[in-house]
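# Structural overview
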Amino acid sequence: CADIIQKGSDLTIITIGNSVYKGLCLSEKLKLDGISCEIVNSRFLKPLDEKALLKGIQKNKKFIVIEDGTIVGGLCSAVKELMLQNYLCDVQASFYAYPDHFIEHGSVSELEKKYKQDVDSIYKDIKKKFFK
């Protein structure tokens, strides 16, 4: 079962594993701009709690997915499939994960910055895409 960690009315953040903390930090940063975030911890990739994720997506019509895996074959892919299966075309979405290719070695913070997966990069992207 997915957990709703925080209720919000402007943006839903769907996340899993280590990225839950990143979602919380992002939410705090957006809160300073008056943006209220709902945070959904998927908890499991399989079985995916489709009902909880759909509820979070449809509630705010704007959502993001954050995971610390690659963009293909993880939570991002599962949520995209869920969108297609439920004909969700009236929502705005953005997906944050590592590209599906070789990732060189480095510290987590170095790699997050390089691939724009750090809180500041995601924040800037969200502001540009959703809250101009």
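Details of the structure are given in the entry above.
Keep in mind the model is a prediction, meaning the values are calculated, not measured. (Residues numbered from 1 in each chain as written. Predicted model: local features only at pLDDT ≥ 70, side-chain atom pairs only at ≥ 80, totals over all residues. Heavy atoms only, no water.)

### A short note on unusual backbone geometry
Rule in force here: Secondary structure elements are defined from DSSP: runs of H or I of at least 4 residues count as helices, runs of E of at least 2 residues count as strands, and each element is numbered from the N terminus. Throughout this description, buried means an accessible area under 20% of the type-specific maximum (1.4 Å probe, protein chains only), exposed means over 50%, and partly exposed covers the range between.
A cis amide bond, omega -5°, links K46 with the succeeding residue P47. Even without a glycine there, the phi angle at K61 is positive, about 65°. Along the chain, K61 falls in the loop between α2 (50–60) and β4 (62–70). In this structure K61 comes out as partly exposed when scored by relative accessible area, which is 33%. The backbone of Y87 sits at a positive phi, close to 55°, despite the residue not being glycine.

### Some details on the environment of D118
Note the following rule: Note on contacts: a residue pair is in contact if any heavy atoms of the two residues lie within 4.5 Å.
Here D118 is to be found in the loop between α4 (108–114) and α5 (119–130). By relative accessible area, D118 is classed as buried at 11%. Residues D118 and L26 lie 92 residues apart in sequence; the distance between their C-alpha atoms is 9.3 Å. Not counting residues up to four positions away in its chain, the partners in contact with D118 are E112 and K113.

### Some thoughts on helix α1 (residues 19–31)
For clarity, the cut-off: By this rule, a helix spans an expected 1.5 Å times one less than how many residues it contains. Working note: the arc is built from the helix axis to C-beta atom directions.
With 13 residues, α1 ought to run about 18 Å at 1.5 Å a step, and its terminal C-alpha atoms sit 18 Å apart, in line with that. For α1, the full list of buried residues reads S19, V20, K22, G23, L26, S27 and L30. Viewed end-on, α1 has its buried residues packed into an arc of 155°, placing them on one side of the element. Counted as exposed and oriented over 90 degrees from the buried face of α1: Y21 and K31. Buried-residue contacts for α1 involve β1 (3–6), β2 (11–15), β3 (37–41), β4, α4 and α5.

### What to know about the pattern of salt bridges
Convention followed: Salt bridges are identified by distance alone: a Lys or Arg side-chain nitrogen within 4 Å of an Asp or Glu carboxyl oxygen.
All told, the structure shown has 8 salt bridges when counted by the stated rule. Residue E38 pairs with K59 through a salt bridge whose shortest N-O separation is 2.4 Å. Placement of E38 in strand β3 and of K59 in helix α2 is noted, with a sequence separation of 21 residues between them. The class for E38 is buried, based on a relative accessible area of 3%. According to the relative accessible area criterion, K59 is partly exposed, its value standing at 43%. For D125, the salt bridge identified is with K129, shortest N-O distance 3.0 Å. Note that D125 and K129 are positioned in helix α5 at a spacing of 4 residues, about one turn of the helix. The class of D125 is buried, set by a relative accessible area of 19%. On the basis of relative accessibility, which here comes to 40%, the residue K129 falls in the partly exposed class.

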